[in-house]
Protein chains: 2
Amino acid sequence: MRLLEERILKDGKVRPGGILKVDGFLNHQMDVHLFMQLADQWHEAFAADNVNKILTIEASGIGLACIAGLVFDCPVVFAKKTKTKNIDGSLYKTTVESFTHGNIYDVIVSRDYLLPTDRVLLIDDFLANGAALDGLCDLVEQSGATCVGAGIAVEKSFQPGGQRLRARGLRIESLARIKAMHDDGTLEFDD
Amino acid sequence: MRLLEERILKDGKVRPGGILKVDGFLNHQMDVHLFMQLADQWHEAFAADNVNKILTIEASGIGLACIAGLVFDCPVVFAKKTKTKNIDGSLYKTTVESFTHGNIYDVIVSRDYLLPTDRVLLIDDFLANGAALDGLCDLVEQSGATCVGAGIAVEKSFQPGGQRLRARGLRIESLARIKAMHDDGTLEFDD
């Protein structure tokens, strides 16, 4: 079993309705030494891809992305949730529909920090329906940069995001893949 | 001149109305190697304080706080902006009034992640009016934990937050202190 899967079994909690609580080590309290080990796993997977920039989305992706930035030795950019109107054209902007929170929001990245020469690795804590990852892919595409793939901590593979994005050609390296969560509080990982 | 001050002179931009843009290295694109050097400076300042937890607030404090967590060898908690009603008492909650954005919002921390035995270092990217830092102090106080102080990247010392919070007894270590910003795009640091 993989490192993050072991940690989920030890400290994660399954709640009714397909909710996995990992806020003791991943997305509220953060175990930064675990993050370093996860970043090493992404680095191993993307070692040949000449990543020179990491892109994530606020808020809970930022910690993972920054530690990955140390390992990949490159700057980290986080897309910002905003109500800003893009009047002066200085921003790339896209729309993300959150199924989890039932809302739609804009995210932006300054044109200064995504360049056509960039080779971008996307980092996020969760992949379920894939809405956030869709948005990040769209921002990279607008900039003309190359997206080498996505490093995800926890993928809920019983939800459609991973399959849809892989079918579109996105390489996704998820460090824990959950195929089922049960109302008795247990869960199953993909093989 | 100190490291972060040199970087602000090199890559920061002063905008009319007392706005300092540092989004090329601090709060949109993040230079994580710089962050490591800043974290080392905080660690030097708070080496004797037995810090066992770092607390920050989403979103732009998270990157700095996570890298500091590696240096201090402790977990990092970020307070979340939320509209959640605290019905079940499982949260510490406070209210932050942002002068910059002209709004008021609630921030929460789970009671599981701030304990009376904790010795907490607060980390944030900016200190101006001190509203965010007030909120973090309040959360720590509610929990019964000890606040050893605050590590701030950029303090605008011409705004009242730093003076007010120091007068209340909070130890604040700011790595760049700006005492004046001028409409011609120049700025001055405190000695």
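Residue indices follow the written sequence of each chain, beginning from 1 at its first position. Think of it this way: whatever chain is written first is A, whatever ligand is written first is 1, and the rest follow in order. Restriction of local features to residues with pLDDT of at least 70 applies here, the model being predicted, together with a cutoff of 80 or more for giving and counting side-chain atom pairs; totals for whole chains, interfaces and linings are based on all residues. Values shown for side chains rest on all heavy atoms present in the structure; no hydrogens or waters enter the calculation.

A. Representation of the overall build of chain A. Tallying secondary structure elements over chain A gives 5 helices and 11 strands in all. To get the radius of gyration, use the C-alpha atoms; to get the globule rule, take the number of residues to the power 0.38 and multiply by 2.2 Å. Over its C-alpha atoms chain A spans a radius of gyration of 16 Å, differing by no more than 12% from the 16 Å that the globule rule assigns to 191 residues. Seen through its principal axes, chain A has C-alpha atoms that stretch 50 × 35 × 30 Å. When burial is assessed residue by residue, chain A has 54% of its 191 residues classed as buried. Pairs at least 24 apart in sequence give 61% of the contacts found in chain A among residues at least 6 apart. Helix numbering and strand numbering both begin at the N terminus, where a helix is a DSSP run of H or I of at least 4 residues and a strand a DSSP run of E of at least 2. Burial classes follow relative accessibility: with a 1.4 Å probe on protein chains only, a residue under 20% of its type's maximum area counts as buried, one over 50% as exposed, and anything between as partly exposed. Residues count as neighbours in contact if any of their non-hydrogen atoms are within 4.5 Å of one another.

B. Focus on the relation of the copies chain B and chain A. A least-squares superposition brings the copies together, and it is based on the C-alpha atoms of residues with pLDDT no lower than 70 in both. Mapping chain B onto chain A leaves a residual RMSD of 0.0 Å; the transformation is a rotation of 180° accompanied by 0.0 Å of translation along its axis. What we have between these two chains is a two-fold relation. When the interface residues of chain B are mapped onto chain A, 100% of them again lie at the interface, so the same face is used by both copies.

C. Molecular detail of the packing of aromatic side chains. Each pair of aromatic rings taken from Phe, Tyr and Trp, with Trp reduced to its six-membered ring, is defined by centres within 6.5 Å and is described as stacked if the planes are under 30 degrees apart, edge-to-face if over 60, and tilted in the remaining cases. Using the criterion set out here, one finds 0 aromatic pairs over all chains in the structure. Between the NZ or CZ atom of Lys-81 of chain A and the centre of the ring of Tyr-105 of chain A, over which it lies, the distance is 4.9 Å. Taking NZ or CZ as reference, Arg-171 of chain B lies 4.2 Å from the ring centre of Phe-46 of chain B, over its face. Criterion for a charge above a ring: Arg CZ or Lys NZ at most 6 Å from the ring centre, at most 35 degrees from the ring normal.

D. Spotlight on the confidence of the model for chain A. The pLDDT value expresses, per residue, how confident the predictor is, ranging between 0 and 100. Scored by pLDDT, chain A comes out at a mean of 95, with 97% of its residues at no less than 70. Of the two predicted TM-score estimates for the complex, the pTM is 0.96 and the ipTM is 0.96.

E. Geometry of the interface of chain B and chain A. Chain B puts 30 residues into the contact, and the matching count from chain A is 30 residues. Any carboxyl oxygen of Asp or Glu that lies within 4 Å of a side-chain nitrogen of Lys or Arg is treated as forming a salt bridge with it. Across the chain B-chain A interface, the total number found is 0 salt bridges. Among the elements of the structure, strand E3 (29-30), helix H2 (32-45), helix H3 (62-72), strand E5 (76-82) and strand E7 (103-110) of chain B are those that each provide at least two residues to the side of chain B that touches chain A. When residues in the side of chain B that touches chain A are grouped by element, the largest group, 6 residues, is from H3 of chain B. Only Asp, Glu, Lys and Arg are considered charged in this grouping, and only Ala, Val, Leu, Ile, Met, Phe, Trp, Tyr, Cys and Pro are considered nonpolar; every other residue, Gly among them, is considered polar. Split into classes, the residues belonging to the side of chain B that touches chain A amount to 16 nonpolar, 9 polar and 5 charged. Should DSSP find at least two bridges between two strands, the strands are regarded as paired. With 2 bridges joining them, strand E5 (residues 76-82) of chain A and E3 of chain B adopt antiparallel strand pairing. Within E3 of chain B, the position partnered with Val-76 of chain A by the bridge is Met-30 of chain B.

F. Region of the structure containing the pattern of salt bridges. Throughout the structure, instances matching the rule amount to 28 salt bridges over all chains. Linking Arg-7 of chain B and Asp-11 of chain B is a salt bridge whose minimum nitrogen-to-oxygen distance equals 2.7 Å. Highlighted residues: Arg-7 of chain B and Asp-11 of chain B, both in helix H1 (residues 3-11), separated by 4 residues, approximately one helical turn. One network of salt bridges, with partners in common, ties together Arg-7, Lys-10, Asp-11 and Asp-31 of chain A.

G. Structural context of the nonpolar core. Buried Ala, Val, Leu, Ile, Met, Phe, Trp, Tyr and Cys residues that are joined via side-chain atoms within 4.5 Å together make up what is termed a nonpolar core. Among the nonpolar cores identified, the biggest contains 82 residues, and Leu-4, Ile-8 and Ile-54 of chain A together with Leu-4, Ile-8 and Ile-54 of chain B are the most heavily contacted of them. Ile-8 of chain B has contacts with Leu-20, Val-22, Phe-25, Val-154, Ala-176, Leu-187 and Phe-189 of chain B, leaving out every residue within four places of it along the chain.

H. Quick look at H3 of chain B. Residues and elements named next belong to chain B. H3 sits mainly inside the fold: 11 of its 11 residues count as buried. Among the residues of H3, Ile-62, Gly-63, Leu-64, Ala-65, Cys-66, Ile-67, Ala-68, Gly-69, Leu-70, Val-71 and Phe-72 are the ones counted as buried. Asp-73 sits one or two residues past H3 and shows a positive phi near 60°.

I. How the structure looks around the packing of helix H3 (residues 62-72) of chain A against H2 of chain B. In this description, a line fitted to the C-alpha atoms serves as the axis of each element, helices being fitted only across the stretch in contact, and the angle between N-to-C directions of two axes falls anywhere from 0 to 180 degrees. With their axes 9 Å apart at the nearest point, H3 of chain A and H2 of chain B run at an angle of 100° to one another. Viewed along their axes, H3 of chain A and H2 of chain B adopt a mutual orientation that is roughly perpendicular. Judged by residue contacts, Cys-66, Gly-69 and Leu-70 of chain A of H3 of chain A engage Val-32, His-33 and Met-36 of chain B from H2 of chain B. Its residues assigned to classes, the contact of H3 of chain A with H2 of chain B comprises 4 nonpolar, 2 polar and no charged. Orientation labels follow simple angle bins: below 35 degrees gives roughly parallel, above 145 gives roughly antiparallel, 65 to 115 gives roughly perpendicular, and whatever is left gives oblique.

J. Main features of the environment of Val-120 of chain A. Residues and elements named next belong to chain A. Mapped onto the elements, Val-120 comes out in strand E8 (residues 119-127). The class for Val-120 is buried, based on a relative accessible area of 0%. Remark: the alpha-carbon pair of Val-120 and Ser-110, spanning 10 residues in sequence, is separated by 15 Å. Beyond its immediate sequence surroundings of up to four residues, Val-120 is in contact with Lys-53, Leu-55, Leu-114, Val-140, Ala-145, Thr-146, Cys-147, Val-148 and Gly-149.

K. The side chain of Ser-98 of chain B, seen in detail. With respect to the secondary-structure elements, Ser-98 of chain B resides in strand E6 (residues 91-98). If we skip the residues at most four places from it in the chain, Ser-98 of chain B touches Asn-103 and Tyr-105 of chain B.

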